[in-house]
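Take a look at the letters that make up each chain.
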Amino acid sequence: MENCIFCRIISGEIPSLKVYEDAYCIAALDINPGSPGHTLIIPRVHRKDLLEMDEALAGKLMMTAREIGGREMERLGADGFNIVQNNGIAAGQTIPHFHIHVIPRYHGDGKIVAWEPTSPDIETLREFREKLC
Ligand code: 5GP
Ligand code: ZN
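As the structure is a computational prediction, the values presented were derived from the model and not from experiment.

Enquirer: Now, about the coordination of the zinc ion (ligand 2): what can you tell me, with residues and values included?
Expert: Note on metal geometry: ideal angles are 109.5 degrees for four donors arranged tetrahedrally and 90 or 180 degrees for six donors arranged octahedrally. Surrounding the zinc ion (ligand 2) are the protein donor atoms Cys4 (SG), Cys7 (SG), His46 (ND1) and His97 (ND1), at 2.0 to 2.3 Å. When the donor residues of the zinc ion (ligand 2) are listed from N- to C-terminus, their spacing reads C-x2-C-x38-H-x50-H. Among the residues examined, cysteine 4 registers a relative accessible area of 8% and is labelled buried.

Right, here's the structure in full:
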């Protein structure tokens, strides 16, 4: 996709700071990291979001996220890491080329990935179970 920023990063047209690459994906530092070491796992093929991914590719990329998360802990001294993967504008996806965020977390680093918990009653929860199962 010629106008896709991540396709242009994959082709080398736009520079990136790669930390890993294989036949399926690259992993590169996010240009606006949420915490030091925030890395993106990006497939070489253009897929808009998770709904366009197949099992084999999604599996490969998740294992790469695991590898990078492990490196963040071992080599950066992170205390944990978040895997974030946004699908759709409403979910915060700004680049419509699938990617997995691997965000190192450090004790006391504040709210990086968070939502406000709610307390629906059991009937409301049951309605949603009916719709989803
Ligand atoms: P999204 O909001 O779509 O889940 O995440 C897109 C991410 O891509 C953001 O965290 C943003 O900082 C990052 N990003 C946007 N443009 C570039 C770029 O040109 N290079 C790199 N390395 N990251 C980018
Ligand atoms: Zn693309």
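Enquirer: Could you give an account of the site of ligand 1, with specific residues and numbers?
Expert: Taken together, 15 residues lie near ligand 1, and Asp30, Gly92, Thr94, His99 and His101 sit nearest. Leucine 29 has a polar backbone atom sitting 2.9 Å from a nitrogen atom of ligand 1. Between ligand 1 and the protein, one listed contact pairs an oxygen atom with a side-chain N or O atom of asparagine 86 at 2.9 Å. In isolation ligand 1 exposes 520 Å². Once the protein is present, 83% of that is buried. Here the shell around ligand 1 gets three residues from one element, more than from any other, and that element is helix α1 (residues 5-11). The residue inventory of the shell around ligand 1, partitioned by class, reads seven nonpolar, seven polar and one charged.

Enquirer: An account of the pattern of salt bridges is needed here, citing residue identities and associated values.
Expert: Enumeration over the complete set of coordinates arrives at eight salt bridges. The salt bridge involving lysine 18 is made with glutamate 21; its shortest N-O contact spans 3.5 Å. Note on lysine 18: relative accessible area 40%, which makes it partly exposed. Here glutamate 21 falls in the partly exposed class, since its relative accessible area comes to 45%. Where glutamate 67 meets arginine 71, a salt bridge forms, and the shortest distance between an N and an O atom there is 2.7 Å. Here glutamate 67 pairs with arginine 71, and both are found in helix α2 (residues 55-76), just four residues apart, close to one helical turn. Overall, the relative accessible area of 36% leaves glutamate 67 in the partly exposed class. Each of the salt bridges in this network shares a partner with another, and the network as a whole consists of Lys18, Glu21 and Arg44.

Enquirer: Explain the sheet that holds strand β2 (residues 25-29) to me, using residue names and the numbers behind them.
Expert: Spatial strand order, β1-β2-β3-β5-β4: five strands in an open sheet with antiparallel pairing. In this open sheet, the two edge strands, each paired with only one partner strand, are β1 (18-21) and β4 (80-84). On average, adjacent strands in this sheet sit at an angle of 20° to one another, irrespective of strand direction. Across three bridges, strand β3 (residues 39-43) lies against strand β5 (residues 100-105) in antiparallel orientation. Across the sheet, the residue bridging to leucine 40 is histidine 101, located in β5.

Enquirer: Any chance you could break down the packing of aromatic side chains for me, citing the residues and the numbers?
Expert: Two numbers describe a pair of aromatic rings. These are the distance of the centres and the angle of the planes. Under the definition given, this model contains zero aromatic pairs. Above the ring of phenylalanine 128, the side-chain terminus of lysine 131 is found at 5.2 Å from the ring centroid.

Calculation rules
- Residues numbered from 1 in each chain as written.
- Chains lettered and ligands numbered in written order.
- Predicted model: local features only at pLDDT ≥ 70, side-chain atom pairs only at ≥ 80, totals over all residues.
- Heavy atoms only, no water.
- Donors = N, O, S within 2.8 Å, 3.2 Å for Na, K, Ca; no water.
- Buried < 20%, exposed > 50% of the residue type's maximum accessible area, 1.4 Å probe, protein only.
- Near = heavy atom within 4 Å.
- Polar contact = N/O pair within 3.5 Å; in protein donor to acceptor, adjacent residues only side chain to side chain.
- Areas by Shrake-Rupley, 256 points an atom, 1.4 Å probe, with all protein chains shown as cover.
- Helix = DSSP H or I, 4+ residues; strand = E, 2+ residues; numbered from the N terminus.
- Nonpolar A, V, L, I, M, F, W, Y, C, P; charged D, E, K, R; others polar.
- Salt bridge = Lys/Arg side-chain N within 4 Å of Asp/Glu carboxyl O.
- Pairing = 2+ DSSP bridges.
- Axes fitted to C-alpha atoms, helices over the stretch in contact; angles between N-to-C directions.
- Phe/Tyr/Trp six-rings, centres within 6.5 Å; stacked < 30°, edge-to-face > 60°.
- Lys NZ or Arg CZ within 6 Å of the ring centre and 35° of its normal.

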